[in-house]
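Structure assessment
Residues per chain, in single letters:
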Amino acid sequence: MALISLRDVSLAYGAAPLLDDVTLHIEERERVCLLGRNGAGKSTLLSVLSGAIKPDQGLVERQTGVRVAKLAQEVPRDATGTVRALVESGLSDEERRGGSLLAEEALRRVDKVLSRVGLDPEAAVGPLSAGNKRRALLARALVQEPDVLLLDEPTNHLDIPSITWLEDFLLRYDRTVVFVSHDRRFLSRLSTRVVELDRGQLFSFPGDYDTFMRRREGALDAEAKADAHLDKKLAEEEAWIRRGIKARGVRNMGRVRALEQLRRERQARRDRVGRARMSIQEAEKSGKLVIEAEDVVAGYDGKAVVKAFSTIVLRGDRVGIIGPNGCGKTTLLKTLLGELEPIEGTVRMGARVEIAYFDQLREQLDASQTVADNVADGGEYVTLGGQRRHIIGYLEDFLFTADRAKSPIDALSGGERNRLLLAKLFLKPSNVLVLDEPTNDLDTDTLELLETQLIDYPGTVLVVSHDRAFVDNVATSTISHAEDGRFIEHAGGYSDWLAAERAADITTETTPTAQPHAEKPKGAKLKTKGPRKLTFKEKRELEALPATIETLESEQSELQTRMGEPSFYQEASGEDVAAATARLEALGGELEVAYARWQELEEVAET
């Protein structure tokens, strides 16, 4: 029996229902990813599952004694007290009463959970980073020992180390998890089933995200063909009725009734929301040199955050900046743009540089104005590509309806605010785009479109992001924060940086000439005197690596195929599903290490 079941559930706040007679079963030890467009109703569905919202009709059934806990999307800014007090607030009133055995057991549970999330129990909540506040809120949910854990955009505001920690934690978590996320790498690692909320309906796809993408494409193709067939049939019947054929006979009366049914079906159909249509205003080309920084030390009040950093950014470069929260990424960005004077070193801006800046805090949006007024500054028209466009038509390109365009900013979801800021940003002619965390809350379709626009953009892009897939797809080079506090530049995106890190660790372990007291920048290999030759052992290793990689790839392919079959989730136990998911993730890591090692040994062999 399912832990939670929705049966024929409907819920509406406007004309179009968010949930339209839907059925959903949440099984034990599943990790269900809930996908859908911004504003489709994903957070509302989580609230229905948690019991916080009652549906207009239909049944929500739970197994007797099932406990449900939810981690909300927004991190409260006004939280006070200590981390321990926040976590203890998740306990029941009975558990919080001192002196009983139940209370003692509950406090031991608090200590255990705090240890698992790695937070100082006595730390004040207010000064914590958004990422650590989210860890504390997760601990408050976990201390309730829920059978079903509901997570709404859990990776928002988390840096990459925190995201990977959360991934590893949830992979080991032996209860049911239902989560909303648009972080493609995160949901690829975790999901054992993907449920899409689209036009009020739920579509369930067993397997991981890649399996979902393949099957959804097939389902959408089939839907498009069925819709086209209905539209063609309706057009033919409308033409027949307009020719004035009298429907006197039984046969003709049946045809008229069939036409009326076709009309009802077409009227009831909710067409799929189209993709956003983004277009970036381009300014005159900048000079070949965009930014040159030499031995830059930057920070505030004389305290260095960025140490001895040098780089040259050329026209057309797309630079990703990654690192933990609070490490100085935004400080580095402002210094490179000339907004912050360096403590030491020099920053030189190239000729004819026109910058458009995306602010992660969305401070460029005026909460007192409507959506349209924020973009058009109170006017009715905007200029795009030298042509005037009505603001309503322009906003429709970013999926804002005419009614939504007249709404206040406070009525928008996080994803809608990000789309609005992009709409405002792309009106400004630029040849350098600077994007500070542009991916938060954006749905996957809009993310992919933004990636395409940035790849095709002829100017220069600087982007700070914790979205690993986004950095992989966009960046031609990556500036990462190293353990010694410095920033180091690498070729390629996040995966290239990760492979370089792992290869550097392997080199450190296997190079006997490494000096124990020599400083080695994170991500750089230790150098030896003169060209290094492969040892006999390394030659044997190099010869064996292709076969090893082939074996790993074969196992990975077979496991993906097996997990893509619906019967796998029907026949396998929760432990089997968890073990298979963990093995699939381990295979990905083993392949990355093997490829990095192969490349490293090949480079040595060629010298």
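So, here is what we can say about the structure in this document. Bear in mind that the values here come from a model prediction, so they are computed numbers and not experimental data.

**Quick word on the packing of aromatic side chains**
In total, this model carries seven aromatic pairs according to the counting rule given. Summarising the aromatic geometry, the rings of Phe-169 and Tyr-173 are spaced 6.2 Å apart at their centres and angled 20° between planes, so their arrangement reads as stacked. The burial state of Phe-169 is the same as that of Tyr-173; both residues are buried. Just above the ring of Trp-165 sits the side chain of Arg-135; from NZ or CZ to the centre is 4.2 Å. Above the ring of Tyr-381, the side-chain terminus of Arg-388 is found at 4.1 Å from the ring centroid.

**A look at the sheet that holds strand β8 (residues 193-198)**
Pairing is mixed across the open sheet formed by six strands, whose spatial order is β5-β6-β7-β3-β8-β9. Strands with a single pairing partner mark the edges of an open sheet, and in this sheet they are β5 (68-71) and β9 (201-206). Going from strand to strand, the sheet's axes swing by 20° on average, the running direction of each strand aside. Helix-sheet contacts for helix α5 (residues 130-142) involve β5 and β6 (148-152), and the interaxial angle to β6 is about 155°.

**Points about the pattern of salt bridges**
Tallied over the entire structure, the rule returns 26 salt bridges. A salt bridge links Arg-185 to Asp-472, with the shortest nitrogen-to-oxygen separation between them at 2.7 Å. Of this pair, Arg-185 sits in helix α7 (residues 184-190) while Asp-472 is found in helix α16 (residues 468-474), placing the two residues 287 residues apart along the sequence.

**Examining the pairing of strand β17 (residues 432-436)**
Of all five residues in β17, five are buried; the element is thus mostly enclosed. Of the two faces of β17, both are covered, the one formed by Val-432, Val-434 and Asp-436 as well as the one formed by Leu-433 and Leu-435. Note: strand β14 (residues 355-358) against β17, four bridges, orientation parallel. The residue of β17 that forms the bridge with Phe-358 is Leu-435. Pairing of β17 with strand β18 (residues 460-464), which is carried by five bridges, proceeds in the parallel orientation. In the sheet register, Leu-433 faces β18, and the bridge partner there is Val-461.

**Quick word on the sheet that holds strand β2 (residues 19-26)**
With antiparallel pairing, three strands are arranged side by side in an open sheet as β2-β1-β4. The strands lining the two open edges of the sheet, one partner per strand, are β2 and β4 (57-62). Here the average twist between neighbouring strands, direction ignored, is 10°. Inspection of the sheet shows strand β1 (residues 4-11) paired to β4 by five bridges, in the antiparallel sense. Of the residues in β4, the one forming a bridge with Ser-10 is Gln-57. Sitting on the sheet, helix α1 (residues 42-50) touches β1, β2 and β4, and the angle it makes with β1 is about 125°.

Cut-offs applied
- Residues numbered from 1 in each chain as written.
- Predicted model: local features only at pLDDT ≥ 70, side-chain atom pairs only at ≥ 80, totals over all residues.
- Heavy atoms only, no water.
- Phe/Tyr/Trp six-rings, centres within 6.5 Å; stacked < 30°, edge-to-face > 60°.
- Buried < 20%, exposed > 50% of the residue type's maximum accessible area, 1.4 Å probe, protein only.
- Lys NZ or Arg CZ within 6 Å of the ring centre and 35° of its normal.
- Pairing = 2+ DSSP bridges.
- Helix = DSSP H or I, 4+ residues; strand = E, 2+ residues; numbered from the N terminus.
- Axes fitted to C-alpha atoms, helices over the stretch in contact; angles between N-to-C directions.
- Contact = heavy atoms within 4.5 Å.
- Salt bridge = Lys/Arg side-chain N within 4 Å of Asp/Glu carboxyl O.

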